[in-house]
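# Structure at a glance
Now for the letters of each chain:
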Amino acid sequence: MNNFLILSGLKYLFPEKKNNNIYSLYEDHFENKKTFQEIYSKVLIEKNRWSNRKILKKDKNYLFKLNKEIINNIYKKLNELHKVNYSKKFWSILISPWSIYFLQLIFNRWHQTQMILKKNKISHVNIVEFKNEKNLTPSDTKEFHNYYQGHLWNQYVNQKILFFLTKKIKYIKKKKIISIKITPKVKEKKNIFINFFSFLLKFANKKNYKYFIYSTYLGMWREFLLNVKLNQLPSFEKIKFEFKKDRIKLDLKKRSKLINHIKPKNKFEKFFYNIFILQLPYVFFEKFPDLEKSFKSINLPTNPSKILSAEALWEETGKNYYIAKLLENNSKLYTIQHGGTYGIAQTHFNTNYELENSDKFISWGSSFNKNSKVIKLGTIKKKYNLKQNKNDTGNLLFIINKRHKYKTYLNTSLSHPFNFTKTLKFNTNFLLNLKDDIQKQTIIRPMPNTNFVKDYDFFENLRYKFKFNSSKPVLQCYKESKIAIHSLNSTSMLETLYYNMPTIIIYDSKIDPFTKEAQKIFKKLKKNNIFFDNPVSAALFVNKIWNKGVYDWWYSPKVQKTVNNFNLIFCKHNSKMLIDLKNLLSKR
């Protein structure tokens, strides 16, 4: 009998003999109950390091500091190699949307591997022989996000970590890989009117615009009106930079010059700098001159006084480059809070990053511990009246997340990647304790573009009992429902409370602890049966009020007062949002 370590969910790397012991870094290596149960009694899955919230908080501080050190250590070398003279902030805005994610993923995988080797006598690992490593280096930040959610990229990275940590294991080559297939991109729905309007706007000269308003989540019409109030036309076109990498040569010799002068402080950092050089997206190095050229003729503001956006700092490399260039010219960045979790989750690296890199942060209501950059304008959401009738016969809408494979981020609101099966059992306890007639009226609502069977129903005990729908617009789901149940700290939770729709929140606050600001209000939510950290208690309460009590409970003075207090802090209504934004931007 051998002790096999599994590094990914590639099934052809699982040992063929059933009598072997199996050790795994993550639950993500198992697709569903079948692949789990066949070898369940022989499987040991290492507990995720970030299940411990104290360690998670400590690691967050270390990784944020390390990311700053990395940028500080390489930005002058990048300037020298590219013959430019950009500031450290420019390179941080450009590279950090990749490096801050990459750093978290590698750090977590490093410690998972280290712990499993320390606790167990691993004897064998089935591995892949990667013949052309340049195919595993992403083109840009967006392609990286496609790569890391796949088994093959994780196999590659985890092999690198394992080879670095030990040579005492028998490595068995099972397959040669020359190319890598990335996760297919979800096609964006085309709106003929928006496409036609965007096409017409292309002919307007926008280079001298005083303001750059982009992807604000206000919606197309309100974004158009805001631009008009500021005496300019909107910019709706996507800021992209795309290229084919099949003929690019990975210049390792030149890349190594970025890190030759750096002295790692520990074993992890020594490994990280090595894989950093291999995985640094082409667009930051070999293709950077092309990135520069592509934006010289772009029809967008060249020196606006202010930038207003909800997602200027994330994911799209072309957009990040353009924003970084504007900030070099002393434009001011006003970031709008784009959704939920902000101000509620105790650990949320997006909040930290956006607050740090914005000149002003427009909050839906939270003060973020009285941060001086925060302006509490209120939510950007439109107000809808979803008031229920006394004899409402709608559904029970159960809103869930999907299974985010390999997303080990420093977010407590995304705690399910640390222990997906535990989160699933927590939610299932609620669903299966509902009365039979309520179960029949329950609609499980996963995230859009989610395959419920594949991405969520791991134990296969929900698909035959409950209806599920992820294609219908969520607002329509709200209108057809008597009550909304939220199992995650997300935008939808804020939406139904903002719309004053009967709402119940269920999740484990030990797994997902709140900020001090949120703790006070969630105590009041719990007192009024809006928040439950026990799924069975939540189900019993729903059973009690379902037939005749939903209306009376929700519209009682105490519950309404609590909901209003919550909204004032986390989802404040602002009927003059466009006027306030216009005044804020035009203020000197």
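Reference entry: report on the structure contained in this document. (Residues numbered from 1 in each chain as written. Predicted model: local features only at pLDDT ≥ 70, side-chain atom pairs only at ≥ 80, totals over all residues. Heavy atoms only, no water.)

Our next topic: the overall build of the chain. Within the chain, the regular secondary structure consists of 22 helices and 16 strands. Taken over the C-alpha trace, the chain has a radius of gyration of 25 Å; the compact-globule value for 588 residues is 25 Å, and the two agree within 12%. Taken along its principal axes, the extent of the C-alpha atoms in the chain is 70 × 70 × 45 Å. Counting the 588 residues in the chain, one finds 59% classified as buried. (Helix = DSSP H or I, 4+ residues; strand = E, 2+ residues; numbered from the N terminus. Rg over C-alpha atoms; globule rule 2.2 N^0.38 Å. Buried < 20%, exposed > 50% of the residue type's maximum accessible area, 1.4 Å probe, protein only.)

For the rest of this paragraph, the subject is the packing of helix H2 (residues 53-82) against helix H3 (residues 88-119). Their axes nearest at 8 Å, the elements H2 and H3 cross at an angle of 135°. On the basis of the axis angle, H2 is oblique to H3. Seen from above, H2 lies across H3 with right-handed handedness. Tallied by class, the residues present in the contact of H2 with H3 amount to 14 nonpolar, 8 polar and 2 charged. (Axes fitted to C-alpha atoms, helices over the stretch in contact; angles between N-to-C directions. Parallel < 35°, antiparallel > 145°, perpendicular 65-115°, else oblique. Left-handed = near helix turned anticlockwise from the far one by under 90°. Nonpolar A, V, L, I, M, F, W, Y, C, P; charged D, E, K, R; others polar.)

Counted at 1.5 Å a residue, the expected span for H2 with its 30 residues is 44 Å, and the 41 Å between its end C-alpha atoms agrees. The sharpest bend along H2 comes to roughly 35°, located at Ile74. The residue sitting at the N-terminus of H2 and contributing the capping side-chain oxygen is Asn52; that oxygen lies 3.0 Å from the backbone nitrogen of Lys54. Downstream of H2 by one or two residues, Lys83 has phi in the positive range, about 55°. (Expected span 1.5 Å × (residues − 1). Bend = angle between axes of the 7 residues up to and from the residue. Polar contact = N/O pair within 3.5 Å; in protein donor to acceptor, adjacent residues only side chain to side chain.)

Here we come to the sheet that holds strand E7 (residues 306-309). Taken together, 5 strands build an open sheet; the order of strands is E6-E7-E8-E9-E10 and the sheet is parallel. A strand with exactly one partner marks an edge of an open sheet, and here the two such strands are strand E6 (211-214) and strand E10 (374-376). Neighbour-to-neighbour, the strand axes of this sheet turn through a mean angle of 20°, independent of strand direction. Two elements, strand E8 (residues 332-336) and strand E9 (residues 360-363), share 3 bridges in a ladder whose sense is parallel. (Pairing = 2+ DSSP bridges.)

This paragraph deals with the environment of Asp59. For Asp59, the location among the structural elements is in helix H2. Residues Asp59 and Val283, spaced 224 residues apart in sequence, show a C-alpha to C-alpha distance of 28 Å. Ignoring anything within four residues of it in the chain, the contact list for Asp59 reads Arg49, Trp50 and Phe107. (Contact = heavy atoms within 4.5 Å.)

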